[in-house]
Amino acid sequence: MTQIFNFSAGPAVLPKSVLERAQAEMLDWHGSGMSVMEMSHRGKEFMSILAKTEADLRTLLNIPGNYKVLFLQGGAIAENAMIPLNLLNGKVADYAVTGGWSKRSVEDASAYGTVNVVASSEADQYTHVPAFSSWKLDKNAAYLHICTNETMSGVEFVDLPSTNGVPIVADMSSHILSRQIDVSQYGVIYGGAQKNIGPAGLCIVIVREDLLGKASPLTPAVFNWKTQAENQSMINTPPTYSIYIAGLVFEWLLAKGGVAAIEQENIAKAKLLYEYIDSTDFYVNHVAIKNRSRMNIPFFLHDESLNDAFLKGAEVHGLLQLKGHRAVGGMRASIYNAMPIEGVQALVAYMKEFESAH
Ligand SMILES: *Cc1c(COP(=O)(O)O)cnc(C)c1O
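Residues numbered from 1 in each chain as written. Predicted model: local features only at pLDDT ≥ 70, side-chain atom pairs only at ≥ 80, totals over all residues. Heavy atoms only, no water.

**Structural notes on the packing of helix α3 (residues 75-87) against helix α4 (residues 100-109)**
- At a minimum axis distance of 8 Å, the contact between α3 and α4 shows a crossing angle of 50°. Looking at the two axes, α3 sits oblique to α4. In this structure, the crossing between α3 and α4 has a hand that is right-handed. The segment α3 lies against α4, with I77, N80 and P84 engaging W101, R104, S105, D108 and A109.
- Here the contact of α3 with α4 is composed, by residue class, of four nonpolar, two polar and two charged. (Axes fitted to C-alpha atoms, helices over the stretch in contact; angles between N-to-C directions. Helix = DSSP H or I, 4+ residues; strand = E, 2+ residues; numbered from the N terminus. Parallel < 35°, antiparallel > 145°, perpendicular 65-115°, else oblique. Left-handed = near helix turned anticlockwise from the far one by under 90°. Contact = heavy atoms within 4.5 Å. Nonpolar A, V, L, I, M, F, W, Y, C, P; charged D, E, K, R; others polar.)

Laid out in structure tokens, this is it:
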């Protein structure tokens, strides 16, 4: 097989060593005689996998003791509805719209109560995070929702607004574990696993304890954070195999030196690609430099009639899934934690070659 690099936005590339380990353990996990897929979720083997996975995530993100970690199903989009159901409690909620995903969050939440859009960059095609001084925050809001990395348009938050105690709820699906964060600045952090953590089917919710117990009676038990927190995320069968792979990814990250170490790699990878894009008129990225995502890098060819040729040539070079999101167009290179720098080097080399050929 020729070397390929997978730039998919999600489900996305996983570390090769993790896949090899899963392969080696596929039929017989640690002498149990069973695959993880075949184990009772309440048996001691799987309970040990879950406990280790949670402990490693707590280490990686330095999660304070007054936060619960939940392993749920339904992905980030289910949480769009579950956030208002768990938190609104008769109040209003503030939402910032900085891209396609936070816009979707507003639409999904609006069915459950009053949602204020405090800021929006939609009129600017989501090319920046609006200055916090312009945000119309409500000091009585139940929470402020943001998407800290907009996967489609490639816009990333580098700091947070001050909210006077209103808890920040952050969709971190596409950059969780890619950079150091201070968990205590958030009320809730959530994300689907299939971008930077593991396979689809798992959604991680990290919630501050004082935010539990406010859920509407209409909240389904499987999505009630308090109920799930009291039952080790086992009010239903959790996505066991996805949790197991997430655990292997966490071990891989810890062995690399944790989030601080991978953040340095991510900075170097993103720099390589942005510097090349900025050095030529052949390609362009429209995002404000301050908010350029390290994980998802959309770019456009000046001559869009060359798009198909670019993608075809990329495939021949083993550079896969570079087509931009259908709502944005152009190209997008997703360079998550598991993308080695060699992948970005190969992409830049191909982009240069394509440029000189055209
Ligand atoms: C991919 C993505 C989602 C949607 O996740 P699902 O698992 O499909 O529900 C939501 N938010 C962000 C930021 C994403 O990148």
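**Description of the side chain of S121**
- Positionally, S121 belongs in the loop between β4 (114-120) and β5 (144-147).
- Judged by relative accessible area, which is 0%, S121 ranks as buried.
- Beyond its immediate sequence surroundings of up to four residues, S121 is in contact with V97, T98, Y126, H128 and P130. (Buried < 20%, exposed > 50% of the residue type's maximum accessible area, 1.4 Å probe, protein only.)

**Comments concerning the site of the ligand**
- Every residue near the ligand is listed here: G75, A76, I77, W101, C147, N149, T151, D171, S173, S174, Q194 and K195.
- Backbone polar atom of A76 to an oxygen atom of the ligand: 3.1 Å apart, as the coordinates give it.
- In the complex, 87% of the free accessible area of the ligand, which totals 390 Å², lies under the protein chains.
- Ranked by the residues each element gives to the shell around the ligand, the list is headed by α3, at three residues.
- Split by residue class, the shell around the ligand holds four nonpolar, six polar and two charged. (Near = heavy atom within 4 Å. Polar contact = N/O pair within 3.5 Å; in protein donor to acceptor, adjacent residues only side chain to side chain. Areas by Shrake-Rupley, 256 points an atom, 1.4 Å probe, with all protein chains shown as cover.)

**Description of the pattern of salt bridges**
- In this structure the tally under the stated criterion is 18 salt bridges.
- With a closest N to O distance of 3.4 Å, K16 and E20 form a salt bridge. Remark: E20 and K16 occur in helix α1 (residues 16-24); sequence separation between them is four residues, near one turn of the helix.
- Via salt bridges that share partners, R21, E25, K52, D56 and E251 belong to a single interconnected network. (Salt bridge = Lys/Arg side-chain N within 4 Å of Asp/Glu carboxyl O.)

Functional significance is not addressed by these values, which are geometric in nature.
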